[in-house]
Amino acid sequence: MDTKIFEENKIAEAAEIIQAGGLVAFPTETVYGLGADATNERAVKQVYAAKGRPSDNPLIVHIAQIQAISPYVDNFSEIAVKLMDTFWPGPLTLIFPIKEGSLSSVVTGGLSTAAFRMPNNTKTLALIKESGVPLVGPSANTSGKPSPTTAEHVFHDLKGKIAGILDDGKTVVGLESTVLDLSDPEGLPVILRPGAVTKEQLEAVVGTVLIDQHLIEENEAPKAPGMKYKHYAPNAQVQMISREKRNWQEAIDWAKKQQLVIGLLASRSVLETFEEQVDATYLLSEQGLVEEATQELFAGLRFLDEDASQVAVIFVETFSEDGLGAAYMNRLKKAANQKYFEEQ
Ligand code: TXA
Ligand code: MG
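Residues numbered from 1 in each chain as written. Chains lettered and ligands numbered in written order. Predicted model: local features only at pLDDT ≥ 70, side-chain atom pairs only at ≥ 80, totals over all residues. Heavy atoms only, no water.

> For this particular structure, what's the right way to read the overall build of the protein chain?
A count of helical and extended segments in the protein chain gives 12 helices and 15 strands. Relative to a compact globule of 344 residues, whose C-alpha radius of gyration would be 20 Å, the protein chain shows 20 Å and is just as compact. The buried share of the protein chain, taken over its 344 residues, is 57%. For the protein chain, the distance from the average site of its 31 positive side-chain charges to the average site of its 47 negative ones is 4 Å. (Helix = DSSP H or I, 4+ residues; strand = E, 2+ residues; numbered from the N terminus. Rg over C-alpha atoms; globule rule 2.2 N^0.38 Å. Buried < 20%, exposed > 50% of the residue type's maximum accessible area, 1.4 Å probe, protein only. Lys, Arg positive; Asp, Glu negative; His and termini not counted. Charge placed at Lys NZ, Arg CZ, Asp CG, Glu CD.)

> Looking at this structure, how should I read the pattern of salt bridges?
Any two side chains of opposite charge can pair, on the condition that their charged atoms come close. The tally for this structure, following the rule as stated, stands at 11 salt bridges. When the shortest N-O distance is used, the salt bridge between Lys-4 and Glu-13 registers 2.7 Å. For Lys-4, a relative accessible area of 44% corresponds to the partly exposed category. Residue classification places Glu-13 among the partly exposed positions, given a relative accessible area of 27%. (Salt bridge = Lys/Arg side-chain N within 4 Å of Asp/Glu carboxyl O.)

> So what exactly am I meant to see when it comes to the packing of aromatic side chains here?
Given two aromatic rings, one states the distance between the centres and the angle between the planes to describe the pair. In the structure shown here, the tally under the stated rule is 7 aromatic pairs. With 6.2 Å between their ring centres and 40 degrees between their planes, Phe-96 and Phe-116 make a pair best called tilted. Note that Phe-96 is positioned in strand 5 (residues 92-97) and Phe-116 in strand 6 (residues 113-117), a separation of 20 residues in sequence. According to the relative accessible area criterion, Phe-96 is buried, its value standing at 3%. Take Phe-116: its relative accessible area is 0%, and that puts it in the buried class. Between Trp-254 and Phe-341 the ring centres are 5.8 Å apart and the planes differ by 50 degrees, which places this aromatic pair in the tilted class. Taken as a pair, Trp-254 in helix 9 (residues 248-257) and Phe-341 in the segment after helix 12 (325-335) lie far apart in primary sequence, 87 residues in all. (Phe/Tyr/Trp six-rings, centres within 6.5 Å; stacked < 30°, edge-to-face > 60°.)

> Honestly, the site of ligand 1 in this entry has me stumped. Any pointers?
Inspection of the region around ligand 1 gives 28 residues, with Thr-30, Asn-57, His-62, Ser-177 and Gly-226 positioned closest. With respect to ligand 1, the side chain of Ser-177 contributes an N or O atom lying 2.5 Å from an oxygen atom. Between ligand 1 and the protein, one listed contact pairs an oxygen atom with a side-chain N or O atom of Arg-193 at 2.9 Å. Looking at the shell around ligand 1, the elements with two or more residues in it are strand 4 (60-62), strand 6 and strand 10 (190-193). In terms of residue count, the dominant contributor to the shell around ligand 1 is strand 6 (4 residues). Of the residues that constitute the shell around ligand 1, the class distribution is 14 nonpolar, 9 polar and 5 charged. (Near = heavy atom within 4 Å. Polar contact = N/O pair within 3.5 Å; in protein donor to acceptor, adjacent residues only side chain to side chain. Nonpolar A, V, L, I, M, F, W, Y, C, P; charged D, E, K, R; others polar.)

> How should the environment of Lys-4 be read in this particular structure?
Its location among the elements puts Lys-4 in strand 1 (residues 4-6). Sequence separation of Lys-4 and Val-31 is 27 residues, and the distance between their C-alpha atoms is 19 Å. With residues up to four places along the chain from it excluded, the contact list for Lys-4 reads Glu-13, Ala-163, Gly-164 and Ile-165. Reaching out from Lys-4, the side chain makes a polar contact with the side chain of Glu-13 at a distance of 2.7 Å. (Contact = heavy atoms within 4.5 Å.)

> What's the story with the side chain of Ser-147 in this structure? I'm lost.
Its location among the elements puts Ser-147 in the loop between strand 7 (135-136) and helix 6 (151-158). The class for Ser-147 is buried, based on a relative accessible area of 1%. A distance of 2.4 Å separates the side chain of Ser-147 from the side chain of Glu-176, its partner in a polar contact. Once residues lying within four places of it in the same chain are set aside, the contact partners of Ser-147 are Val-31, Ser-139, Asn-141, Glu-176, Tyr-232, Phe-298 and Arg-302.

> When you look at the pairing of strand 3 (residues 33-37) in this model, what are you seeing that I'm missing?
With 5 of its 5 residues buried, strand 3 lies for the most part within the structure. Strand direction decides the pairing type here: strand 2 (residues 24-26) and strand 3, joined by 3 bridges, are antiparallel. Counted as the bridge partner of Phe-26 is Gly-33 from strand 3. Once strand 2 ends, the chain turns through 6 residues before running back antiparallel as strand 3. Two strands pair when backbone bridges link them, and strand 3 and strand 7 are joined in this way by 2 bridges, in the antiparallel orientation. Following the sheet pairing, Ala-36 is matched in strand 7 by Val-136. (Pairing = 2+ DSSP bridges.)

Remember that the coordinates give geometry; whether it matters functionally is a separate question.
See below:
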């Protein structure tokens, strides 16, 4: 199959493919998604196949207006209404209990709940409206790889496997939406995956919000099935450099002794100090801001992994875990398999 790149004037063409049961990747403010008609079981199955995704990992249903959820969800709590009004369209996914049988178990992974999100991207909102159906949209990467933040990343992973990609340049946020579980009507909202809508921002609107224990304790089973899989992992090994130790020099010396090809993913100031000593670099942030680093993390991991010098170890800068830093560090720790560089 030839994978077409659709410019923005080709939304109608992309929508026709969706209606015919085909797969089109779409841009969002977070990462690119792999779109298919959520009401077409055959199309949804192809999404799992194209990504190589385990079938027990449910998909997010993307909608362009709140009313589009009503066939699936009975009634919204006051909290849900406030969250949708405040954060949609935007990088927040909400989990609701669904009407029995209203969505295919291929979408829900057999759960009695489903995830919904209204992405903040005008082209994709137009694509959903034009298609006339909600779209499933897992991140448009091969399962296990870093999520795609450009159409080129999608093309790299899925060319030949999907009909097309709606190109809208680089995504703004750079990592996936916050997933918030609202499925217990008596209970408090629970963050299953941290993202650009932070715990602090959610609490300012609805009061106390919990964090899934798994995100804190290593051996707890995660409530979002996707969080249990190996993720965001390039082929090279990834090691984090602690903010307190800032032991970049020791890390480089150690890797040289092992004769490893070295990549650095760090802020301008770090690269300026160490770039002469390493094989490849990628600028994570100009000014050392976590917002910049979040936008570049996945792109940087992919870049260094593809570099001609065949990087074997990537040392990556870390940030404080509050606010957006919680999401950045969650993804980086997964990519690094929790590993900080330690002096030997
Ligand atoms: O930003 C995003 O959310 C992107 C863009 C494309 O919208 N999409 C995305 O989808 O990241 P995906 O499939 O890569 O991640 C969805 C996450 C997975 O961890 C999945 O297990 C979880 O949401 N999830 C989906 N439905 C769920 C449910 N009913 N209960 C708990 N977790 C659920
Ligand atoms: Mg994903």
